[in-house]
Amino acid sequence: MPDRQQQPPRSPSGQTETAALLLCGAQLTDGRTVDVRLGGGRIEAVGTAGSLAAGASGARAAKVDLRGYLLLPAPAEAHAHSDTALTADGHGPLAYDDQSIRRRATEAALLQLGHGATALRSHVRVGDVLGLDALAAVLEVRRSLRGLAELATVAMPRVLTGAAGADGLAMLRDALKMGASVVGGCPDADPDPTGYVEAVLELASEHGCPVDLHTDAADPARLARLAAMAGGLRPGVALGPCGGLGRLPSAVASRAADQLAAAGVTVMCLPQGGCGSADRRGTAPVRLLRAAGVRIAAGGGALRDVSNPVGRGDPLEAAYLLASRCGLRPEEAYDTVSCAARDALGLPEVRVEAGFPAELLAVRGDGLAGALSLAYSRIVIHRGRVVARTSAVREYCDSATESGLELPRQGREEPS
């Protein structure tokens, strides 16, 4: 579990101050071993190991020893459901009071942060009996997490067409006024899926919001209409989990992929399982989509709720599954949960280079393939400061098998 961190000092103006931080001896994916100096929430300098010592102002920087760690751009959780997370083991009706939602949404966010996700996008249901209560609770969690992670909310109405849709549309407008930053929903569940999409896109265009919709994408004609309507909308449209694309004939799926690419739509795949708003069968055909030029981001989806009783909240597991099951190279798989996910969420690009945001993840391991396989020990950096640490020590009983072999084992030493 992530360690509790002390609150950073604040300036007289009330703004959080980030002290200089020096990351020593980290390995990069290109094989270099480097020191990385952070300051003001950004990467100030990257140099060969031992070459950096002081902050830009000459002040001495605090040090974190990253020998034995791989340093990466931090992942983002691109598709979460905070209001229903961690409810699979509950007894009786699902508790939807404000305190229960805030507790489990906070616990889920901290779990995901401990795995490295310094930014999250959470889909929250609005309307019907719930009204805007769940959204209000998750927005409160967003405020409480400030300085630890960035949490964006997607408002998800059930119905937007017909007589019942008028209330849903009014509720969606109120959700945006409250602070929801993305317009979402599930057109597959509306009696008029095309009308649902039209309503969402019109409202998003009016407010300048991105769109993130749930769809299984099993109906190619409906998907073609959606892509045609979404083309050109800024700041962008995402669809997920699109598992139905993988069940279509290859020629039909390829044509749909070309249409999504031409429209500039991002596909949010969920390799760890689906969620309650879409069919859970299968993962989107990521290699086919990538070949067509579709931007692919990967998310976690349901996290131990009624639609998926398990889940780790770990973006690296999503990348691992894309590499092991879908044939992506480790670098391509990790990109879906880091750079591509951040891009889909409208966040600045992160590279381990001077000038980029200090959103970083250090994982114990020699290379990316090993990190995706056995990334137990992690150090998470958000806005230039360490916000979470996870340490793991593996021990074996005495055995003749280790005698004289000098087998590698993880030690107890903690980074300073």
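Refer to the structure above for everything that follows.
In this report, the structure presented in the accompanying data block is examined. Here the structure is a predicted model, which is why all the values come from computation and not from measurement.

## Side note on the overall build of the chain
Each helix and strand in the chain was counted, giving 11 helices and 16 strands. Counting across all 416 residues of the chain, residues that qualify as buried make up 52%. Here the analysis covers contacts within the chain between residues at least 6 apart in sequence; of these, 72% occur between residues at least 24 apart. Accessible surface for the chain amounts to roughly 18,600 Å². Of this, 50% is attributable to carbon and sulfur atoms.

## Re the packing of helix 8 (residues 315-325) against helix 9 (residues 330-337)
Two numbers describe how helix 8 lies on helix 9: the axes approach to 8 Å, and their chain directions differ by 140°. Overall, the two elements helix 8 and helix 9 adopt an arrangement that is oblique. Like other packed secondary-structure pairs, helix 8 and helix 9 cross with a definite hand, here right-handed. On helix 9, the residues touching P315, L316, A318, A319, L322 and A323 of helix 8 are A333, Y334, T336 and V337. When the residues that make up the contact of helix 8 with helix 9 are grouped by side-chain class, the tally is 9 nonpolar, 1 polar and no charged.

## Considerations on the nonpolar core
Ranked by size, the top nonpolar core spans 80 residues in total, and within it L239, L245, L260 and L289 carry the most contacts. Among the elements that line this core, the one with the most residues is helix 4 (residues 193-207), at 7 residues. If sequence neighbours within four positions are ignored, L289 has contacts with L245, A257, L260, V267, A284, V294 and I296. By size, the runner-up hydrophobic cluster in this structure holds 20 residues, among which are L21, Y69, A358 and L360.

## Digging into the sheet that holds strand 9 (residues 182-185)
With respect to topology, 8 strands assemble into an open sheet ordered 6-7-8-9-10-11-12-13, the strand pairing being parallel. At either end of the open sheet lies a strand with only one pairing partner, and these are strand 6 (77-80) and strand 13 (295-298). Direction aside, the axes of adjacent strands within the sheet are offset by 25° on average. Relative to strand 7 (residues 119-126), strand 6 runs parallel, the two being bridged by 2 bridges. Across the sheet, the residue bridging to E77 is L120, located in strand 7. Contacts from helix 4 reach strand 8 (150-157), strand 9, strand 10 (211-215) and strand 11 (237-241), with the element oriented near 165° to strand 10.

## As for the pattern of salt bridges
One pass over the structure, following the stated rule, counts 21 salt bridges. One salt bridge connects R121 with D212, and the closest N-O pair in it is separated by 2.9 Å. Linking R121 in strand 7 with D212 in strand 10, this pair joins segments that are 91 residues apart in sequence. With respect to burial, R121 and D212 carry one shared label: buried. Residues R351 and E349 are paired through a salt bridge, measuring 2.8 Å at the closest nitrogen-oxygen approach. Within this structure, R290, R329, E331 and E332 form a network of salt bridges that share partners.

## Thoughts on the pairing of strand 9
Alternating residues of strand 9 divide into V182 and G184 and V183 and G185, and every residue in both groups is buried. Pairing of strand 8 with strand 9, which is carried by 2 bridges, proceeds in the parallel orientation. By the bridge assignment, A155 is partnered in strand 9 with V183. Of the crossover connections in this fold, the one passing from strand 8 over helix 3 (residues 162-178) to the parallel strand 9 is right-handed. Strand direction decides the pairing type here: strand 9 and strand 10, joined by 3 bridges, are parallel. Across the sheet, residue G184 finds its bridge partner in strand 10, namely D212. For the crossover that starts at strand 9, traverses helix 4 and ends in the parallel strand 10, the hand is right-handed.

The rules behind the values
Residues numbered from 1 in each chain as written. Predicted model: local features only at pLDDT ≥ 70, side-chain atom pairs only at ≥ 80, totals over all residues. Heavy atoms only, no water. Helix = DSSP H or I, 4+ residues; strand = E, 2+ residues; numbered from the N terminus. Buried < 20%, exposed > 50% of the residue type's maximum accessible area, 1.4 Å probe, protein only. Contact = heavy atoms within 4.5 Å. Areas by Shrake-Rupley, 256 points an atom, 1.4 Å probe, with all protein chains shown as cover. Axes fitted to C-alpha atoms, helices over the stretch in contact; angles between N-to-C directions. Parallel < 35°, antiparallel > 145°, perpendicular 65-115°, else oblique. Left-handed = near helix turned anticlockwise from the far one by under 90°. Nonpolar A, V, L, I, M, F, W, Y, C, P; charged D, E, K, R; others polar. Core = buried A, V, L, I, M, F, W, Y, C linked by side-chain atoms within 4.5 Å. Pairing = 2+ DSSP bridges. Salt bridge = Lys/Arg side-chain N within 4 Å of Asp/Glu carboxyl O. Right-handed = clockwise from strand over helix to strand, strands pointing away.

So far we have only geometry, and geometry alone does not tell us how the molecule works.
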